[in-house]
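Here is how the chains run, residue by residue.
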Amino acid sequence: MDEQTRTDIEAAVLRRLLDHLRERHDVQNIDVMNLAGFCRNCLAKWYRVAAEEKGIAMSEEEAREYVYGMPYPAWKAKYQLPASTK
C-alpha cells in the first residue's frame, strides 16, 4: 500500500470514529477513558498537536469543537451527566 492510500484510509477511519463518538453522546468520556485509555479530549489534544506539527496554529477549544462537532461548553451542557449521577 502506498503512503497516500494509507493516509487516506487512516483519515477515513478517524472521521468514522468521530462520527461514531458524536452519535454516542450517551457514552461519557470517563466511560471511554476507563475502557480504552483515551477519550474525546485526548483525541482533541492529539488533533491539535498534529495540526501544530504541520505549522497550523490551533487552540484547544478549536480542536475540541472539531472532535465534539460543536463547541465543548455546549456539548457539556447538553450531554455531560452531573457528577452525582456518574
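Check the entry above for the structure.
Residues numbered from 1 in each chain as written. Predicted model: local features only at pLDDT ≥ 70, side-chain atom pairs only at ≥ 80, totals over all residues. Heavy atoms only, no water.

Participant: Account for the pattern of salt bridges, with residues named and values stated.
Facilitator: A side chain with one charge can pair with a side chain of the opposite charge if their charged atoms come near. Applying the stated criterion across every chain yields a total of 7 salt bridges. A salt bridge links Glu10 to Arg6, with the nearest nitrogen and oxygen atoms 2.5 Å apart. Taken together, the positions of Glu10 and Arg6, both in helix H1 (residues 3-23) and 4 residues apart, correspond to about one turn of that helix. Exposure remark for Glu10: the relative accessible area of 42% places this residue in the partly exposed category. Arg6 gets classed as partly exposed once you look at its relative accessible area, which sits at 34%. One salt-bridge network, in which partners are shared between bridges, spans Glu3, Arg6 and Glu10. (Salt bridge = Lys/Arg side-chain N within 4 Å of Asp/Glu carboxyl O. Helix = DSSP H or I, 4+ residues; strand = E, 2+ residues; numbered from the N terminus. Buried < 20%, exposed > 50% of the residue type's maximum accessible area, 1.4 Å probe, protein only.)

Participant: Run through the packing of helix H3 (residues 40-53) against helix H4 (residues 60-68), naming residues and quoting values.
Facilitator: Running from amino to carboxyl end, H3 crosses H4 at an angle of 120 degrees, the nearest separation of the two axes being 8 Å. By the criterion of interaxial angle, the relationship of H3 to H4 is oblique. By crossing handedness, the relation of H3 to H4 is classed as right-handed. Taken together, the residues of H4 that come into contact with H3 (itself represented by Arg40, Asn41, Leu43, Ala44, Lys45, Tyr47 and Arg48) are Glu60, Ala63, Arg64, Tyr66, Val67 and Tyr68. Per-class residue counts for the contact of H3 with H4 are 7 nonpolar, 1 polar and 5 charged. (Axes fitted to C-alpha atoms, helices over the stretch in contact; angles between N-to-C directions. Parallel < 35°, antiparallel > 145°, perpendicular 65-115°, else oblique. Left-handed = near helix turned anticlockwise from the far one by under 90°. Contact = heavy atoms within 4.5 Å. Nonpolar A, V, L, I, M, F, W, Y, C, P; charged D, E, K, R; others polar.)

Participant: Explain the nonpolar core to me, and be specific about the residues and the numbers.
Facilitator: One finds Leu18, Leu21, Leu43, Ala44, Ala51, Met58, Ala63, Val67, Tyr68, Tyr72, Trp75 and Tyr79 forming the largest nonpolar core, which totals 12 residues. Of all the secondary-structure elements, those providing two or more residues to this core are H1, H3, H4 and helix H5 (72-79). Not counting residues within four places of it along the chain, the set of residues in contact with Trp75 comprises His25, Arg40, Tyr68, Met70 and Gln80. (Core = buried A, V, L, I, M, F, W, Y, C linked by side-chain atoms within 4.5 Å.)

Participant: Give me the packing of aromatic side chains: which residues, what numbers.
Facilitator: Taken as a whole, this structure holds 5 aromatic pairs when the rule is applied. An aromatic cluster of three or more residues is present, and its members are Tyr68, Tyr72, Trp75 and Tyr79. Sitting above the plane of the Tyr66 ring, Arg22 keeps its charged end 5.6 Å from the centroid. Lying over the aromatic face of Tyr72, Arg64 brings its terminal NZ or CZ to 4.1 Å of the ring centre. (Phe/Tyr/Trp six-rings, centres within 6.5 Å; stacked < 30°, edge-to-face > 60°. Lys NZ or Arg CZ within 6 Å of the ring centre and 35° of its normal.)

Participant: Can you break down the side chain of Arg48 residue by residue, with the values?
Facilitator: Looking at the element boundaries, Arg48 is found in helix H3. Only 2.9 Å separates the side chain of Arg48 from the side chain of Glu60, close enough to count as a polar contact. (Polar contact = N/O pair within 3.5 Å; in protein donor to acceptor, adjacent residues only side chain to side chain.)

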